[in-house]
Amino acid sequence: MSGEPFTWRAGGCHCGGVRFEVALPEAVEAQTCNCSMCAKTGFIHIIVPQSRFRITKGAERLSEYSFNTRVAKHLFCAECGVKSFYRPRSNPDGWSVNARCLDTTEGLELRIEAFDGQNWEANAAGLAHLSKEPA
Amino acid sequence: MTAALVGHCHCGAIRVSLEPGRPVAELAYRACQCGFCRRHGAATTSDPASFLHIEAAPGAVNHYRFGRRAADVLLCEECGVYVASMIQAEGGRLATLNVAGVALPGFEGRAPEPATYDDETDEARLARRRARWTPTVLVEAQPSI
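1. A look at helix α3 (residues 122-132) of chain B
Residues and elements named next belong to chain B. Arg125, Arg128 and Arg129 are the residues of α3 that are buried. Around the axis of α3, the buried residues are gathered within 95° of arc, so they sit on the same side. Within α3, the exposed residues directed more than 90 degrees away from the buried face are Glu123 and Ala131. In this structure, the buried residues of α3 make contact with β8 (82-89) and β9 (92-98).

See the structure below:
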């Protein structure tokens, strides 16, 4: 993976109050999820290490919601409710960015797979590598 | 008579009950392609022959407005979920409900039909909403359903 070129891509919520940037290669693994939370927010996950994500505007406008184990920190814009990114329980060392919130997916190949979040315990380990920093 | 369909936002602070005025399989199921609905992954239903009851705990609703500010967008203050958009018409309130946001049963296995309303005039938009949206009552009180 090292040496792979990344492009910083911008995105944000609907009202424009929260903005972020994420460094992505041209082809990106992404996940839909059928858990109770993701199904209700339509979240399409792009999980990245800490170093490939930054909040560029509106961190103070984020509301935090957590439930069950309270490990995941679900963040949404207090104004428009949009969940642009959050700290996932599967990858608390990284971030999950919502592909729906990228300004454009032009030139980006999203390889979307269905993650079975209804059986989270059996499947979450398969995502852990996505937030690992390069050695 | 078809039984009421019930659902709620993730945390449960906003609860809905839809009394279908026709078989559930015949209810519209749409994915509006606007920037708001896309970011919320919304998949909505509305039907003038049905009745929608929305009940929210006091202070649980974040009323968001955007664009022409004609619709009152109901978001959960606690969990952020988009529940419904509502307008005030002569005969009362009308709404379109985010089926995905409240995990309303009865739509499993159906793909929402993409819908684009970008080119509508204000008049055409209001006329469409009056013709299609669901008569609705919003009660902001302690949940009982």
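2. Let's talk about the pattern of salt bridges
As enumerated under the stated definition, the model contains 11 salt bridges over all chains in all. Where Arg54 of chain A meets Glu21 of chain A, a salt bridge forms, and the shortest distance between an N and an O atom there is 2.7 Å. Separated by 33 residues along the polypeptide, Arg54 of chain A in strand β5 (residues 53-57) and Glu21 of chain A in strand β2 (residues 19-24) bring together distant segments of the chain. By relative accessible area, Glu21 of chain A is classed as partly exposed at 23%. In this structure, the salt-bridge partner of Glu90 of chain B is Arg130 of chain B, at a minimum N-O distance of 2.8 Å. Of the two residues, Glu90 of chain B is situated in the loop between β8 and β9 and Arg130 of chain B in helix α3; the sequence distance between them amounts to 40 residues. On the basis of relative accessibility, which here comes to 65%, the residue Glu90 of chain B falls in the exposed class. By relative accessible area, Arg130 of chain B is classed as partly exposed at 40%. Because the salt bridges share partners, they merge into one network encompassing Glu120, Arg125 and Arg128 of chain B.

3. Considering the interface of chain A and chain B
Contacts between the two partners involve 21 residues from chain A, matched on the other side by 24 residues from chain B. In this assembly, chain A packs against chain B so that about 1,800 Å² is buried in total across both faces, 53% of it on carbon and sulfur atoms. Broken down residue by residue, the surface that chain A buries against chain B is led by His14, Lys40 and Tyr65 of chain A, which jointly contribute 40%. Between chain A and chain B we count 11 residue pairs in polar contact (both at pLDDT 80 or more) in total. Of the residues forming the side of chain A that touches chain B, the biggest block, five residues, is contributed by helix α1 (residues 36-41) of chain A.

4. What about the state of the cysteines?
According to the stated counting rule, one finds zero disulfides over all chains in the structure shown. Left without a disulfide partner, Cys101 of chain A is nearest to the cysteine sulfur of Cys13 of chain A, which lies 7.7 Å away. Here Cys11 of chain B is not cross-linked by a disulfide; its sulfur's nearest cysteine counterpart is in Cys76 of chain B, at 3.5 Å. Its relative accessible area of 29% is what places Cys11 of chain B among the partly exposed residues.

5. Some points on the packing of aromatic side chains
Summed over all chains, the structure comprises 12 aromatic pairs over all chains. Ring centres 5.8 Å apart and planes at 75° place the aromatic pair Phe20 of chain A and Phe85 of chain A in the edge-to-face group. Of the two residues, Phe20 of chain A is situated in strand β2 and Phe85 of chain A in strand β8 (residues 85-86); the sequence distance between them amounts to 65 residues. The pair formed by Phe20 of chain A and Phe85 of chain A is uniform in burial state, with each residue classed as buried. Three or more aromatic residues link up through ring pairs in this structure, and these residues are Phe20, Phe53, Phe85 and Trp95 of chain A. Positioned over the ring face of Trp95 of chain A is Arg87 of chain A, at 4.0 Å from the centre of the ring. Against the face of Tyr117 of chain B rests Arg128 of chain B, its NZ or CZ located 3.6 Å from the ring centre.

The rules behind these values
- Residues numbered from 1 in each chain as written.
- Chains lettered and ligands numbered in written order.
- Predicted model: local features only at pLDDT ≥ 70, side-chain atom pairs only at ≥ 80, totals over all residues.
- Heavy atoms only, no water.
- Buried < 20%, exposed > 50% of the residue type's maximum accessible area, 1.4 Å probe, protein only.
- Helix = DSSP H or I, 4+ residues; strand = E, 2+ residues; numbered from the N terminus.
- Arc of directions from axis to C-beta.
- Contact = heavy atoms within 4.5 Å.
- Salt bridge = Lys/Arg side-chain N within 4 Å of Asp/Glu carboxyl O.
- Buried area = accessible area lost by both parts, 1.4 Å probe.
- Polar contact = N/O pair within 3.5 Å; in protein donor to acceptor, adjacent residues only side chain to side chain.
- Disulfide = S-S within 2.5 Å.
- Phe/Tyr/Trp six-rings, centres within 6.5 Å; stacked < 30°, edge-to-face > 60°.
- Lys NZ or Arg CZ within 6 Å of the ring centre and 35° of its normal.

The values are spatial; any link to function lies outside them.
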